[in-house]
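Single-letter residue listing:
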Amino acid sequence: MSSARQILTDPVTAHMRTDPTRIPAGASVAQALEYIRDHEIGGRVVYFYVVDDADRLVGVVPTRRILRAAPVTPITEVMIAPVVAVPHTATVLDACEFFTLHKLLAFPVVDSEGKLLGLVDVDLYTDELTDLEKRQESDDLFQLVGVYLTEAEQRQTVLTVRKRFPWLLCNVVGGMIAAVIADAYEDVATLALVTPFIALVTGMAEGVAIQSVSLALQTLHGRRPTWGVLAQKVGRELLVGLLLGAVCGLIVGVVAFAWKGSAMAGLSLFVGIAGGVAGSAAIGIALPFLLRLVRRDPQVASGPLALAAADMVTLLLYFNLGRWLLR
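Residues numbered from 1 in each chain as written. Predicted model: local features only at pLDDT ≥ 70, side-chain atom pairs only at ≥ 80, totals over all residues. Heavy atoms only, no water.

## Some points on the overall build of the protein
Stated precisely, the cut-off is as follows: Helix and strand assignments follow DSSP, with helices taken as H or I runs no shorter than four residues and strands as E runs no shorter than two, numbered in order from the N terminus. A 1.4 Å probe rolled over the protein chains alone gives each residue an accessible area, and that area as a share of the maximum for its type sets the label: buried under 20%, exposed over 50%, partly exposed in between. The contact rule is simple, with two residues in contact once any of their heavy atoms fall within 4.5 Å. Only the protein chains shown count as covering a residue, and every accessible area follows the Shrake-Rupley method with a 1.4 Å probe.
On a plain count of helices and strands, the protein comes out with 13 helices and six strands. Residues classed as buried in the protein amount to 44% of the 327 residues present. For the protein, restricting intrachain contacts to residue pairs at least 6 apart in sequence, the fraction spanning at least 24 positions comes to 71%. Summed over its atoms, the accessible surface of the protein is roughly 17200 Å², and 62% of this surface lies on carbon and sulfur atoms.

Written out as structure tokens, the structure is:
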């Protein structure tokens with residue numbers, strides 16, 4: 001059985017039905033009904049596809065329309081045109097996006113010349129993705145940290161290490177860059193008013209980044225990303241992150257002021273956390289969209305990249321604030 005990942009990347013032509021009901025464009029409703037009676041209709045979702053002499057798709061007739069029309073009515077007067085069709089070059093994932101965006105029960109599949117090849121309906125869509133939906137909940141956590149293994153792969157130790165190591169290496173590289181930043185700001189990082197809060201500041205940024213990545217992956221299920229949607233999501237998440245960071249930063253800043261007796265330490269924490277959380281939220285929501293837009297897998301790569309970026313952005317902001325306010 002194909003894995004869920006393989007099914008999503010399969011060509012839609014490998015999963016389509018090849019028995020759509022064709023009605024000649026020159027037929028009347030009476031002739032169309034006679035044709036339908038003489039030919040077997042497969043599947044539960046029934047649309048009738050109107051084609052020209054070259055078998056090019058020109059319209060679609062829902063069952064309700066053909067039953068209610070007068071027998072002498074030309075079929076071209078009751079059909080719907082133009083037709084939303086899935087190109088033969090599409091993948092199963094692309095077809096899923098058609099169901100999500102257009103809310104129809106079936107879509108015809110056409111070639112580059114517009115000729116009708118077959119159809120994909122909700123029954124087939126549901127059957128093919130059952131395994132994916134069963135796996136989705138258990139896989140989400142691992143996808144966020146760059147791990148996506150089938151059950152068979154999980155039983156193979158060497159393969160498991162090979163699958164997981166590249167994304168752990170991403171975290172190692174991110175950690176080393178964070179260490180380089182800390183070394184470059186040694187005069188600030190070693191201050192008694194800064195050092196105790198480094199882990200807290202970066203931890204909060206990482207947590208928000210992963211939350212935002214998770215939200216982005218949910219948004220992308222069955223949807224085609226666009227630059228407009230990306231800009232809208234980043235703007236909203238930036239505002240949400242700023243509000244979350246401001247509240248958390250205020251709490252931490254007040255505690256730091258009471259503990260260390262330094263208003264500047266409290267201020268640097270407030271601004272650092274607010275800015276770091278806002279930036280991390282924007283990074284976390286943007287990365288999955290950007291990866292999909294450049295045709296990369298956001299489920300595997302987004303988590304590690306978001307964590308590394310969140311650390312770097314937050315440390316740079318926090319250390320620069322410390323250098324400005326505390327030295």
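On we go from here.
## Some words on the sheet that holds strand 1 (residues 21-24)
Formally: Two strands qualify as a pair provided that DSSP identifies no fewer than 2 bridges between them. A fitted line through C-alpha atoms serves as each axis, taken over the contacting stretch for helices, and the angle formed by two N-to-C directions is quoted from 0 to 180°.
The sheet built from three strands is open, its strands ordered 1-2-3 with mixed pairing. Every other strand in the sheet has two partners, leaving strand 1 and strand 3 (57-62) as the edge strands with one partner each. Adjacent strand axes in the sheet meet at a mean angle of 35 degrees, parallel and antiparallel pairs treated alike. Here four bridges tie strand 1 to strand 2 (residues 47-51), and the two strands are oriented parallel to one another. Residue pairing across strands places I23 opposite V50, the latter belonging to strand 2. Relative to strand 1, helix 2 (residues 29-38) is tilted by about 150 degrees, and along the sheet it contacts strand 1 and strand 2.

## Brief notes about the nonpolar core
Within soluble globular proteins, side chains that are nonpolar tend to cluster in buried spots. The cut-off we apply is this: By convention a nonpolar core is built from buried Ala, Val, Leu, Ile, Met, Phe, Trp, Tyr and Cys residues, the set being connected through side-chain atoms within 4.5 Å.
Membership of the largest hydrophobic core comes to 23 residues, with the highest contact counts inside it found for V194, I198, L269, L315, Y318 and F319. When contributions to this core are tallied by element, the ones reaching two or more residues are helix 8 (157-184), helix 9 (186-189), helix 10 (198-220), helix 11 (227-260), helix 12 (263-293) and helix 13 (298-325). Setting aside residues no more than four positions away along its own chain, V194 makes contact with V188, A189, Y318, F319 and L326. With 13 residues, the next largest nonpolar core counts A27, V50, V61 and I66 among its residues.

## Some thoughts on the environment of V201
Within the secondary structure layout, V201 lies in helix 10. Assessed through its relative accessible area of 3%, V201 is described here as buried. Separated by 113 residues in the primary sequence, V201 and T314 have C-alpha atoms spaced 7.3 Å apart. The residues contacting V201, other than those within four sequence positions of it, are L269, I273, T314 and Y318.

## Focus: the UniProt feature "transmembrane region" (unreviewed entry) in the protein
Counted only if it meets this: UniProt positions are given in the numbering used here, feature names are shortened, and annotations may be inferred rather than shown by experiment.
Per the UniProt annotation, the sites labelled "transmembrane region" (unreviewed entry) are residues 165-185, 197-217, 238-259, 265-291 and 303-321. Secondary structure within residues 303-321 divides into 100% helix and 0% strand; the distance between the first and last C-alpha atoms comes to 27 Å.

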